[in-house]
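# Understanding the architecture of this molecule
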Amino acid sequence: MKTKSEAGIIGQSEAINSAIERAVKIAATNSHILITGEVGTEKQQFAKFIHLLSKRSSNRFLHSNCDIHHKFSMEVELFGHEKGVVKGSMSNRRPGLFESANMGSVFLESISHLSAATIQQIKKAMIDGSIQRIGADMAEKIDVRVFLDIEQDKRGKPVPPSLKKQFAKLNVAEIVIPPLRERLEDIPLFYNKQLSSGAHERLYSYDWPGNIHQLLEVVKKSESFCLSETLHAEDL
């Protein structure tokens, strides 16, 4: 599937194919989406995959990591501001992520780090399609599909669970991305080199708490230092 590779999704396991089938079904709708899964399972790739399959594919797909911004700067990032609101800003106004992605999609990563007030503004954008720039007197209408990343710990427990319930009440669609330990047979697909039986055993016996992100680091390091075409357990 072309859009699968374009989105950067790698895998042929039953677990990943089940998630892909779910994504294809969701893409045909216009629902907002909760993407749940452990840290490192590449939820952004699935959000992009769904966007590419949707009617919005010709429009923008924008991403923001809600864990790296101060609370006020996060509001500016998402909703924009009028002139003079932000110190040092000389522009008449700055559009936020939602306004910039109008008619497209936005992926909000790690939303559990957002303030309650920002969460309420996101919910308003999802419910009635309106946002209000900081310092503006009136709200503006937008048409944006929202992907929400609610991270889970290693045991799959949402953090915090009440946040997921808030958005679930909005009748959003949900897709769960499986952890790497539930799709170990996909590991060889990430390697450019052959894996010996010892390498297979070592890779398959590990728990992979960092999931795909951790695997990619291991792949990069092990292939960089291995001079042969076959990776052995000692190369990992």
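Preceding this paragraph is the structure being described.
So, here's what we can say about the structure. Not measured: the values here are computed from a predicted model.

### Description of the side chain of threonine 118
As for its position among the elements, threonine 118 is in helix H6 (residues 116-128). Setting aside residues up to four positions removed in sequence, threonine 118 forms contacts with Glu75, Leu78 and Phe79.

### Quick notes on empty space enclosed by the protein
In total, this model carries one cavity of 30 Å³ or more according to the counting rule given. Lining the largest cavity, in full, are Gly8, Ile9, Ile10, Ile16, Thr41, Glu42, Gln45, Phe46, Arg183, Phe190 and Ile212. Residue classes in the lining of the largest cavity are distributed as six nonpolar, three polar and two charged.

### Some words on the pattern of salt bridges
Following the criterion strictly, the structure yields nine salt bridges and no others. Measuring nitrogen to oxygen at the nearest pair gives 3.0 Å for the salt bridge that ties aspartate 128 to lysine 124. With aspartate 128 and lysine 124 both in helix H6 and four residues apart, the pair spans about one turn of that helix. Salt bridges linked by common partners bring Glu82, Glu99, Arg133 and Glu140 together as one network.

### Considering the layout of surface pockets
In this structure, the largest pocket occupies an estimated 240 Å³ of space. As for the largest pocket, its lining consists of 16 residues, and the residues nearest its centre are Gly40, Lys43, Glu109, Asp149 and His213. Contributing elements (two or more residues each) for the lining of the largest pocket: helix H3 (43-53), strand E5 (105-109) and strand E8 (145-152). Ranked by residue count, the leading element in the lining of the largest pocket is H3, at three residues. Each residue belonging to the lining of the largest pocket can be placed in one class, and the counts come to two nonpolar, eight polar and six charged.

### A closer look at the nonpolar core
With 26 residues, the main nonpolar core has Phe98, Leu108, Ile111, Ile122, Leu148 and Phe167 as its most contacted residues. Contributing elements (two or more residues each) for this core: helix H4 (71-79), helix H5 (97-100), E5, H6, E8 and helix H7 (161-168). Ranked by the residues each element gives to this core, the list is headed by H6, at four residues. Look past the residues within four positions of phenylalanine 98 in its chain and what remains in contact with it is Leu78, Phe79, Val106, Leu108, Ile122, Ala125, Ile131, Ile142, Val144 and Val146. Core analysis: the next-biggest nonpolar cluster, separate from the first, contains 20 residues, Ile16, Ile20, Ala23 and Phe46 among them.

### A few points about the environment of leucine 53
Structurally, the position occupied by leucine 53 is in helix H3. Between the C-alpha atoms of leucine 53 and alanine 28, which are 25 residues apart in sequence, the distance is 7.6 Å. Excluding its chain neighbours within four sequence positions, the residues that come into contact with leucine 53 are Thr3, Val24 and Ala27.

### Digging into the packing of helix H2 (residues 14-27) against H3
The N-to-C vectors of H2 and H3 enclose an angle of 40 degrees; their axes lie 9 Å apart at closest approach. Our classification of the angle between H2 and H3 gives oblique. When you trace H2 past H3, the crossing you get is right-handed. Contacts between H2 and H3 pair Ile16, Ala19, Ile20, Ala23, Val24, Ile26 and Ala27 from the former with Phe46, Phe49, Ile50 and Leu53 from the latter.

Criteria and cut-off values
- Residues numbered from 1 in each chain as written.
- Predicted model: local features only at pLDDT ≥ 70, side-chain atom pairs only at ≥ 80, totals over all residues.
- Heavy atoms only, no water.
- Helix = DSSP H or I, 4+ residues; strand = E, 2+ residues; numbered from the N terminus.
- Contact = heavy atoms within 4.5 Å.
- 1 Å grid on protein atoms, 1.4 Å probe; cavity = no way out; pocket = protein on both sides within 12 Å on 5 of 7 lines; lining within 4 Å.
- Points joined across faces, edges and corners; volume = space filled by probe spheres on them.
- Nonpolar A, V, L, I, M, F, W, Y, C, P; charged D, E, K, R; others polar.
- Salt bridge = Lys/Arg side-chain N within 4 Å of Asp/Glu carboxyl O.
- Core = buried A, V, L, I, M, F, W, Y, C linked by side-chain atoms within 4.5 Å.
- Buried < 20%, exposed > 50% of the residue type's maximum accessible area, 1.4 Å probe, protein only.
- Axes fitted to C-alpha atoms, helices over the stretch in contact; angles between N-to-C directions.
- Parallel < 35°, antiparallel > 145°, perpendicular 65-115°, else oblique.
- Left-handed = near helix turned anticlockwise from the far one by under 90°.

This is a description of form; function is not addressed.
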